[in-house]
Amino acid sequence: MFDGSVYKRCKCTEPKLDDNGQPILDARDRPKTRELGASCPLLKKREHGTWYYYVKLPDGIGGQRRRPRKGGFLTQTKAKEAAQKLWDEAQGGVNVESKETVAQYLNRWHDKRVDLKRSTRSDYRDFIDRILIPALGHLSVRELRDRHIQEMFKQIWAINKIKEANRIAAQQAKAACDAAHQAWRKAPTPRPPELRQTWHQAREALKEARTKPRQDTGPGRQKKYLDCLSAALADAVTEKLITQNWAKLVTIPKYERPEALVWTDERVARWRATGEKPSPVMVWTPEQTGEFLDVAVEHPLYIMWHLMTFRAPRRGEATGLPWAELDMTKGVAHISEQLVTDSTNTVWEDTPKSSSGRRTVALDHATFALLTAWRDVQKAQRAEWESKHHQWLNATPQERQALKTYDHPYVDSGKVFTLPDGRPHHPKNVSQAFDRFIKRLGLPPIRLHDLRHCAASLSLAAGLSMKAIQVLLGHSSYQLTADTYTSLMPQFEQAAADAPLDLVPRRKGVSKPDDTQQSATETDTAPSAAAVPTAVEESQPPKNTGEPYESEQQAAGERQARASRSRGHLRLVSAVPRDGAPDAA
C-alpha cells in the first residue's frame, strides 16, 4: 500500500478578507479571491470537485522532500489506483518526479550516443529536429503515450495526401505545358502571338506546381523515424524514466524490401515503351553486363566498375579502397574501410557497414591485370601532376593562367581509384557518372549499387554456393543473401519449375528438349567461364561432332570475338595511354 493519502477538492473561490472582515482589493480595485480547496461545503455532493492524491516518497539527496501530487480523478478509487501505480514505479526505481520533456530527453540521448556511426547519428539528428521534436517535444517524457506517437504518423499520412495531390497537379501542368508548346511549334508562320502567350502561361503554371512538396514520406522512411524514437525510448526504460517503450505499440504501413528483378527481354520492351522500371532494384543479364563492360572500356571509371561488377564491393568500399589493403602478390583485397557521404556532400572515412563487411576478397585474373596496369598509370599521373605544379610555382602570373588546373600540390591519398591530382573520387560523383553513362548508352537503367546484385547473380550462375556469395557481399545474414538471390536469375526459376514435372512418369505428354539444345544456364555462364580464353583453346582444332561445317566456323568465330574483346580490355589500360594522357585508362 502506498504511503500517502487521497482527498477531494474543487476550484471554487471566495473573497479574501482583512482583519476587519472587509474584502481585500487589488490594484484595479477588484476583490482578491482564494480557492476553497478541500473546505468547500459543496464537496459533499458527488458530482462536485475531483479527487487528488499525494504520495510520500523517500527523501532525495540532501534530505529533499519528495511529495508528488496529482488531481483531476473523477472517483476516489481511480485516485488510489494512480497513487498505487506511482508508488510501485518509484519502488521499482523509476524517476516518477522527472519533469524532463521529450525534446530535452531526445537531445540528451543523442548527445550520449557516441557509439553510433557518424552517418546514423546524422540521420537521427535530422529526424529529431525535423520530425520528433515539433510533434512530441512539448510533452514530458512521463506523459508520452503511444497515442501521441500514433497521432504524429497520422499527420504524416495527411501530409502525404497533400503531396500526392501536388504530384498530380504537377503532372497535369507538365502535360498542359507540353501541349501548349506543341501547338505553338506546329502553328503555321507567322504564328499567332496568343499561342506563345498560352505556352508561357503554361510554363509559369508548371514552375509554380513544381515548387510545392511532392515527394511523400514512404513506409521505409516512416520506419526509420519510428526506429529512432524506439531506440531513444528503450534507453529511457533502461534509465527508469518510463516503464514501457510506447513506440512498440504504434502501427505504421508495412515496409517491404524491394524485390530485385532481372531485365528480361519483355521487361526491357515494356521499359522502352513506357519508361517505367518494374522495380527500384533491377539487375542486368550476363549479356547486358557484357555489353556495358565492352562500351565502358574507354571510361575513366571502367576499372572501378569492373571490380564492382565481379567482386561486389559497395560504392564506399570501392572509392575508399587503399593500396595498403590490396595485396598484389596474392591477388586479394582486404575490405576494411570505406568513404561515406551525407546530404551535405561531406565525405569522411569510416569502417564498413557491419563486422561482416570487413572481409578479404580474392581478385579474378582480369581485375588483377587491370589493377596492375592502373597502378602504373597512377604513378605516371602523379609524376606529371608534380611536374606541372612545379612549373606553376615558377611561372609568371600570365603563365599561371594556363596552368591553373595545377595550382595545388598532388594529394597522396593512398587510394586505389583517384583523380589525376590524387584525390579519391567522391562517392556521389561515381554514381552520377554511372547514371549518365548508361543513359547515354540506352541500356536498361540500374543503380550503381545494383552492380553488386549483378556480381552475386553471375557468381550464383557460375555455381558458387550461397554461403560463398554471402561472404563475397559482406552480408551479416545468410538469410538475407538467400532471400535476395535464390529466385533472381530466370534459369534457376526454370529449373525449379521443371523439377516437379520430372518426378511424374508420363506415357503421353510434352517431351523435354533434348540435350543438343543449349540450356539457359549454359548460355548465361559461357561468357564468364571463357572470359579470357587460353592460347591452347584457340589453337585446338574443332572436334568432329557430326555438326555441319558452318556451325564449327560460327563457334570458332564466337570464340575469336570473345578473345578479342577480352584482350581489348587489358590492352586499353596500358601504362602509356594511346593519346598520351595519363588518365586515359
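Check the entry above for the structure.
Per chain, residue numbering runs from 1 following the sequence as it is written. Only residues with pLDDT of at least 70 are given local features in this predicted model, and only at 80 or more are side-chain atom pairs given and counted; all residues enter the totals for whole chains, interfaces and linings. Computation of side-chain values covers all heavy atoms of the structure but excludes hydrogens and water.

## Observations regarding the pairing of strand E10 (residues 347-350)
Moving on, step 1. Between buried and exposed lies partly exposed: a residue is buried under 20% and exposed over 50% of the maximum accessible area for its type, with that area taken using a 1.4 Å probe on protein chains only. Note on conventions: DSSP H or I runs of at least 4 residues are helices, E runs of at least 2 residues are strands, and numbering of each starts at the N terminus. Of the two faces of E10, the one lined by Trp348 and Asp350 is fully buried and the one lined by Val347 and Glu349 carries no buried residue.
Moving on, step 2. By the bridge criterion, four bridges tie strand E9 (residues 338-341) to E10 in an arrangement that is antiparallel. Residue pairing across strands places Val340 opposite Trp348, the latter belonging to E10.
Moving on, step 3. Any two strands are treated as partners once DSSP identifies two or more bridges connecting them. Counted between consecutive antiparallel strands, the loop separating E9 from E10 contains five residues, among which Asn345 sits at a positive phi close to 70°.

## Let's talk about the sheet that holds strand E2 (residues 33-37)
Moving on, step 1. Spatial strand order, E2-E1-E3-E4: four strands in an open sheet with antiparallel pairing. Since the sheet does not close on itself, it has two edges, and those belong to E2 and strand E4 (69-73), each with one partner. Put simply, the sheet's adjacent strands are angled 35° from each other on average, direction ignored.
Moving on, step 2. Across three bridges, strand E3 (residues 50-55) lies against E4 in antiparallel orientation. Across the sheet, residue Trp51 finds its bridge partner in E4, namely Phe73. Lines fitted to C-alpha atoms define the axes here, with helix axes fitted over just the stretch in contact, and angles between the N-to-C directions of these axes take values from 0 to 180 degrees.

## Structural notes on the packing of helix H8 (residues 286-296) against helix H13 (residues 427-441)
Moving on, step 1. Relative orientation of the contacting elements H8 and H13 amounts to 105°, with a least axis distance of 11 Å. Considering the angle they form, H8 stands roughly perpendicular to H13. For the pair H8 and H13, the contacting residues are Phe292, Val295 and Ala296 in the first and Phe434, Phe437, Ile438 and Leu441 in the second.
Moving on, step 2. Lys, Arg, Asp and Glu make up the charged group, whereas Ala, Val, Leu, Ile, Met, Phe, Trp, Tyr, Cys and Pro make up the nonpolar group; the residues left over, Gly among them, are polar. Residues of the contact of H8 with H13, tallied by class, amount to seven nonpolar, no polar and no charged. Working definition: roughly parallel below 35 degrees, roughly antiparallel above 145 degrees, roughly perpendicular at 65 to 115 degrees, and oblique for all remaining angles. Any two residues whose heavy atoms approach within 4.5 Å at even a single point are treated as in contact.

## Some remarks on a positive patch on the surface
Moving on, step 1. Within this analysis, patches are made of residues with over 30% relative accessible area and no salt bridge. Like charges are joined at 9 Å or less; nonpolar side chains (Val, Leu, Ile, Met, Phe, Trp, Tyr) at 5 Å or less. For accessible areas, the Shrake-Rupley method is used with a probe of radius 1.4 Å. Any residue's cover is judged against the shown protein chains and nothing else. In what follows, salt bridge is the name for a side-chain nitrogen of Lys or Arg lying within 4 Å of a carboxyl oxygen of Asp or Glu. Note on charges: Lys and Arg go in the positive column, Asp and Glu in the negative column, and His and the chain ends are not counted at all. Charge coordinates come from a single atom per side chain, which is NZ of Lys, CZ of Arg, CG of Asp or CD of Glu. Taken together, the side chains of Arg185, Lys186, Arg191, Arg196, Arg203 and Lys207 define a basic patch exposed on the protein surface.
Moving on, step 2. Elements represented by at least two residues in the positive patch include exactly helix H4 (146-186) and helix H5 (193-210).
Moving on, step 3. No other element matches H5, which puts three residues into the positive patch.
Moving on, step 4. Within the secondary structure, Arg191 is located in the loop between H4 and H5.

## Regarding the environment of Thr346
Moving on, step 1. If you trace the backbone, Thr346 turns up in the loop between E9 and E10.
Moving on, step 2. Setting aside residues no more than four positions away along its own chain, Thr346 makes contact with Arg118, Val340 and Thr341.

## Some thoughts on the packing of helix H3 (residues 118-136) against helix H6 (residues 219-238)
Moving on, step 1. Between H3 and H6, the shortest axis-to-axis distance is 10 Å and the interhelical angle comes to 80°. Classified by the angle their axes make, H3 and H6 are roughly perpendicular. Counting all contacts with H3, which are made through Tyr124, Phe127, Ile128, Arg130, Ile131, Leu132 and Leu136, the residues of H6 involved are Arg221, Lys224, Tyr225, Cys228 and Leu229.

## Examining the environment of Pro258
Moving on, step 1. Relative to the elements of secondary structure, Pro258 occurs in the loop between H6 and strand E5 (261-262).
Moving on, step 2. Classification of Pro258 as partly exposed rests on a relative accessible area of 34%.
Moving on, step 3. Sequence separation between Pro258 and Thr484 is 226 residues; the distance between their C-alpha atoms is 9.7 Å.
Moving on, step 4. Not counting chain neighbours up to four residues away, the residues in contact with Pro258 comprise Ser279, Pro280 and Val281.

## Description of the pattern of salt bridges
Moving on, step 1. Applying the stated rule across the entire model yields 23 salt bridges.
Moving on, step 2. Between Asp115 and Arg113 there is a salt bridge, and its shortest N-O distance comes to 2.8 Å.
Moving on, step 3. We note a salt bridge from Arg382 to Glu386, for which the minimum N-O separation is 3.0 Å. Here Glu386 and Arg382 lie together in helix H11 (residues 365-393), a separation of four residues that amounts to about one turn.
Moving on, step 4. Residue Glu386 is classed as partly exposed on the basis of its relative accessible area of 39%.

## Some words on the pairing of strand E8 (residues 332-335)
Moving on, step 1. As paired strands, strand E7 (residues 326-327) and E8 are joined by two bridges and run antiparallel to one another. Among the inter-strand pairings, Leu326 is bridged to a residue of E8, identified as Ala333.
Moving on, step 2. As defined by bridge partners, E8 adjoins strand E11 (residues 359-362) across four bridges and the pair is classed as antiparallel. Paired with His334 across the strands is Thr360, a residue of E11.

## A look at the sheet that holds E8
Strand pairing in a sheet relies on backbone hydrogen bonds. The paired strands run either parallel or antiparallel.
Moving on, step 1. Pairing is antiparallel in the open sheet, where three strands are placed in the order E7-E8-E11. Looking along the sheet, the strands with just one partner apiece sit at the ends: E7 and E11.

These figures come from the coordinates and say nothing about function on their own.
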